[in-house]
Number of protein chains: 2
Amino acid sequence: MSYRIVGDWGTSRLRLFRIEAGHVVARVEAAGIGALEDTPEATLRTAIAPWRADGEPQAITLCGMVGSRNGWIEVPYAACPADVAGWAAEAGRIALDGVPVAILAGLACTAPSGGPDVMRGEETQLFGAIARDPVLRTGRHRIALPGTHSKWATIEDGRIVAFQTFFTGELFALLRDRSTLLRAAARSDADPAAEQAGFAHGLTRAGDGDLLLGALFEARSAQLIEGRSPDWAAGYLSGLLIGREIAELAPTAGETVGLIGDPALCDRYARALAARGIDTNLLDGDACVLAGLALMETDR
Amino acid sequence: MSYRIVGDWGTSRLRLFRIEAGHVVARVEAAGIGALEDTPEATLRTAIAPWRADGEPQAITLCGMVGSRNGWIEVPYAACPADVAGWAAEAGRIALDGVPVAILAGLACTAPSGGPDVMRGEETQLFGAIARDPVLRTGRHRIALPGTHSKWATIEDGRIVAFQTFFTGELFALLRDRSTLLRAAARSDADPAAEQAGFAHGLTRAGDGDLLLGALFEARSAQLIEGRSPDWAAGYLSGLLIGREIAELAPTAGETVGLIGDPALCDRYARALAARGIDTNLLDGDACVLAGLALMETDR
């Protein structure tokens with residue numbers, strides 16, 4: 001049976017899917033662009049060799065860091081606002097042993113903070129989310145992708161008009177693991193009361209309580225003065241940073257924000273958003289990326 | 001001639017001064033509380049042994065982390081608002097081979113961010129600054145102590161009424177050395193244009209431009225999109241964080257802020273404050289700590 005291969009090739013791993021008649025029939029994983037032990041081409045060839053034993057794929061479609069400067073080929077970022085056709089047209093095209101390979105473009109925009117911003121991989125999930133849900137094709141919507149570098153995208157009439165990257169996840173890991181804010185290693189950051197204390201500071205918008213750099217140090221002072229544990233401090237910092245990320249974007253009560261990402265992390269964002277009166281809608285990240293990759297199939 | 005010994009014993013080093021008739025006649029350095037290879041008592045005994053060869057000191061006065069839980073003895077924090085007499089009364093008293101030793105208390109307060117906050121060592125510089133300058137003994141003044149953990153203190157009628165610690169210096173070092181924001185090691189963070197770009201974002205108070213977590217990521221995007229160098233990103237991050245620290249405290253134009261600390265770092269703070277129309281007054285940190293330590297001398 002004829003088949004295609006699609007894949008999400010990020011910094012930490014490559015996830016490949018074998019698609020027959022629109023369905024995933026097999027999966028395989030290999031090294032991410034940041035962890036390659038061979039060229040991207042050789043890595044891909046090795047990963048899909050078992051599938052090629054019963055015939056060549058019709059085509060291969062890849063998204064993510066594979067299109068970055070350190071990837072297989074550098075595919076320029078498509079500019080926002082971007083609709084699906086304009087974005088898909090920017091894909092880079094090469095071949096693997098004669099099989100056509102499309103490498104999807106990332107997106108670049110001027111972020112709400114006023115500076116340049118970029119994504120590679122998340123745009124495929126976002127266009128997939130739009131393809132899966134007709135509601136997203138009219139009006140204005142926001143979708144957040146929590147993670148090491150969280151992205152918040154604004155969708156208008158089915159186009160991605162802008163996005164903002166937040167350094168929240170990496171910053172939390174640095175503060176938890178490398179800073180003096182925790183006086184000993186934390187075993188958990190899941191203390192609900194600590195999280196709420198963090199939300200309370202982080203979600204404050206402007207005014208006198210708006211002291212992020214000041215509030216960070218409170219994780220340490222609370223251990224010295226109030227006998228708080230490192231676990232409390234970790235939960236507080238997680239809540240503070242997530243709350244602050246949300247406050248910086250100031251979503252409005254009544255809005256429904258879509259969430260794509262690790263379910264436990266999305267759950268934490270959903271609690272912070274609920275504390276501001278905002279509903280959330282958890283989207284299936286795998287289904288979104290597959291739908292986005294399918295947008296490049298010519299025979300769909 | 002009779003003499004006293006005073007010392008500032010912080011985390012990274014011990015600085016000892018031999019005082020005769022109110023003047024520093026000798027100095028010596030030894031290991032900080034965070035770098036001890038022996039007990040605090042033995043470390044001090046070794047450091048001052050040469051001075052004791054011609055007679056015992058009348059007294060020893062120490063400030064800083066020597067009074068912390070990991071120091072020589074734990075001296076409880078004095079509470080703010082604190083005047084010099086109340087603070088001095090909280091000193092811990094022990095002896096070294098019969099010589100009386102006073103270990104000055106740190107201060108605790110409820111910070112402007114609403115949480116608990118503490119200092120150990122900076123209070124001695126602040127009370128020293130107040131002792132040196134009659135202007136600080138009436139009205140309201142602010143003194144900033146830039147450093148790994150910057151402190152901003154509010155002085156009213158010669159009392160320290162509150163302070164706020166900012167995690168700025170440690171955060172900058174983490175972002176420069178340990179994060180993915182710089183795509184290669186920076187050689188310098190002294191690019192004036194990069195600093196100004198950071199100030200421009202950091203000094204923005206609230207409103208739509210108030211995106212610290214968002215603006216952090218711009219250090220990376222600017223390298224990817226605008227061809228900026230790691231040195232530019234380091235200068236931008238330094239300016240952004242210092243600007244943000246200042247914006248969180250919102251000093252008002254016309255105010256004069258005292259600065260105590262490393263002169264190059266204080267100069268950077270002075271530039272950021274000048275960009276908000278605020279004058280600064282660089283205080284001599286060594287003179288301030290010596291004046292503060294002298295406040296414990298009974299025969300002054």
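Residues numbered from 1 in each chain as written. Chains lettered and ligands numbered in written order. Predicted model: local features only at pLDDT ≥ 70, side-chain atom pairs only at ≥ 80, totals over all residues. Heavy atoms only, no water.

An unreviewed UniProt entry lists chain A under the name 2-dehydro-3-deoxygalactonokinase, from Sphingomonas glacialis.

A. Layout of the overall build of chain A. The helix and strand inventory of chain A stands at nine helices and 14 strands. Each principal axis of the C-alpha distribution contributes one length, and for chain A these read about 65 × 45 × 30 Å. Per-residue burial for chain A yields a buried fraction of 58% across its 300 residues. Taking the intrachain contacts of chain A between residues at least 6 apart in sequence as the baseline, contacts between residues at least 24 apart amount to 62%. (Helix = DSSP H or I, 4+ residues; strand = E, 2+ residues; numbered from the N terminus. Buried < 20%, exposed > 50% of the residue type's maximum accessible area, 1.4 Å probe, protein only. Contact = heavy atoms within 4.5 Å.)

B. Main features of the domain arrangement of chain A. Residue and element names in this part refer to chain A. When the domains of chain A are assigned, the result is domain 1 (1–105) and domain 2 (111–290). Summarising the inter-unit geometry, the C-alpha centres of domain 1 and domain 2 are found 29 Å apart. With 23 residues of domain 1 in contact, the opposing surface of domain 2 contributes 14 residues. The tally of links from domain 1 across to domain 2 stands at two salt bridges. Between domain 1 and domain 2 we count four residue pairs in polar contact (both at pLDDT 80 or more) in total. Broken down by secondary-structure element, the contributors of at least two residues to the side of domain 1 that touches domain 2 are strand S1 (4–9), strand S2 (13–20), strand S3 (23–31), strand S4 (60–64) and helix H2 (84–89). For the side of domain 1 that touches domain 2, the leading source of residues is S2, giving three residues. (Domains from an automatic or database assignment. Salt bridge = Lys/Arg side-chain N within 4 Å of Asp/Glu carboxyl O. Polar contact = N/O pair within 3.5 Å; in protein donor to acceptor, adjacent residues only side chain to side chain.)

C. Representation of the nonpolar core. Ranked by internal contacts, the top residues of the largest apolar core, which has 78 residues, are Leu175(A), Leu216(A), Leu175(B) and Leu216(B). Residues in contact with Leu216(A), not counting those within four places in the same chain, are Leu175(A), Leu181(A), Leu237(A), Leu240(A), Leu241(A), Phe167(B) and Leu171(B). (Core = buried A, V, L, I, M, F, W, Y, C linked by side-chain atoms within 4.5 Å.)

D. Quick peek at helix H9 (residues 285–294) of chain B. H9(B) sits mainly inside the fold: nine of its ten residues count as buried. A distance of 3.0 Å separates the backbone nitrogen of Asp286(B) from a side-chain oxygen at the start of H9(B), and that oxygen is part of Asp284(B).

E. Region of the structure containing the sheet that holds strand S11 (residues 150–156) of chain B. Residues and elements named next belong to chain B. Read from one edge to the other, the open sheet built from five strands follows the order S12-S11-S10-S13-S14, with strand pairing classed as mixed. A strand with exactly one partner marks an edge of an open sheet, and here the two such strands are strand S12 (159–166) and strand S14 (279–283). Neighbour-to-neighbour, the strand axes of the sheet open up by a mean angle of 25°, direction not taken into account. The sheet contact formed by strand S10 (residues 140–145) and strand S13 (residues 256–260) spans three bridges and is parallel. Across the sheet, residue Ile 143 finds its bridge partner in S13, namely Gly 258. (Pairing = 2+ DSSP bridges. Axes fitted to C-alpha atoms, helices over the stretch in contact; angles between N-to-C directions.)

F. Fine view of the relation of the copies chain B and chain A. Of the transformation placing chain B onto chain A, the axial shift is 0.0 Å and the rotation is 180°, giving an RMSD of 0.0 Å. Read as a symmetry element, the transformation amounts to a two-fold axis. Taken as a fraction of all interface residues of chain B, those also at the interface in chain A reach 100%, which identifies the copy contact as same-surface. (Least-squares fit on C-alpha atoms with pLDDT ≥ 70 in both.)

G. Expanded view of the pairing of strand S7 (residues 99–103) of chain B. Residues and elements named next belong to chain B. Burial runs high along S7: four of the five residues are buried. Looking at chain direction, strand S4 (residues 60–64) and S7 are connected through three bridges and run parallel. Bridge pairing in S7 places Ile 60 opposite Val 101. In terms of strand pairing, strand S6 (residues 92–96) meets S7 through five bridges, oriented antiparallel. If you follow Ile 94 over to S7, its bridge partner there is Val 101. The turn linking S6 back onto S7 is made up of two residues, and Asp 97 within it adopts a positive phi angle of 50°.

H. Highlighting the interface of chain B and chain A. Listed as interface residues are 50 residues of chain B and, on the opposing side, 50 residues of chain A. Together chain B and chain A conceal approximately 4200 Å² of surface at their shared face, both sides included; 63% is due to carbon and sulfur atoms. Along the contact surface separating chain B from chain A lie zero salt bridges. Our count for the contact surface shared by chain B and chain A stands at 14 residue pairs in polar contact (both at pLDDT 80 or more). Of all the secondary structure elements, the ones that give two or more residues to the side of chain B that touches chain A are strand S9 (116–119), S12, helix H4 (168–178), helix H6 (212–226) and helix H7 (230–249) of chain B. A total of twelve residues in the side of chain B that touches chain A trace back to one element, the largest contributor, which is H6(B). Taken together, the residues of the side of chain B that touches chain A sort by class into 23 nonpolar, 13 polar and 14 charged. (Buried area = accessible area lost by both parts, 1.4 Å probe. Nonpolar A, V, L, I, M, F, W, Y, C, P; charged D, E, K, R; others polar.)

I. Broad picture of unusual backbone geometry. Omega for the peptide link from Cys80(A) to Pro81(A) comes to -5°, which places this bond in the cis form. The residue Asp157(A) is not glycine, and still its phi comes out positive at about 50°. By the secondary structure assignment, Asp157(A) is in the loop between strand S11 (150–156) and strand S12 (159–166). With relative accessibility at 53%, the residue Asp157(A) sits in the exposed group. With a phi close to 50°, Asp97(B) is a non-glycine residue in the positive phi region. Note on placement: Asp97(B) falls in the loop between S6 and S7.

J. Here's a closer look at the side chain of Thr165(B). The residue Thr165(B) is located in strand S12 in this model. A polar contact of 2.9 Å, which involves the side chain of Thr165(B), links it to the side chain of Lys151(B).

K. Representation of the environment of Glu74(B) within the structure. Residue and element names in this part refer to chain B. Position of Glu 74 relative to the elements: it lies in the loop between S4 and strand S5 (78–79). For Glu 74, a relative accessible area of 47% corresponds to the partly exposed category. Considered as a pair, Glu 74 and Pro 192 are 118 residues apart in the sequence and their alpha carbons are 44 Å apart.

L. Fine view of the sheet that holds S4(B). Residue and element names in this part refer to chain B. Pairing in this open sheet of six strands is mixed, and the strands run S3-S2-S1-S4-S7-S6 from one edge to the other. Every interior strand has two partners, whereas the edge strands, strand S3 (23–31) and S6, have only one. Each neighbouring strand pair of the sheet contributes to a mean axis angle of 20°, computed without reference to strand direction. Contacting strand S1 (4–9), strand S2 (13–20), S3, S4 and S6, helix H1 (residues 40–52) runs over the sheet at an angle of about 35° to S2.

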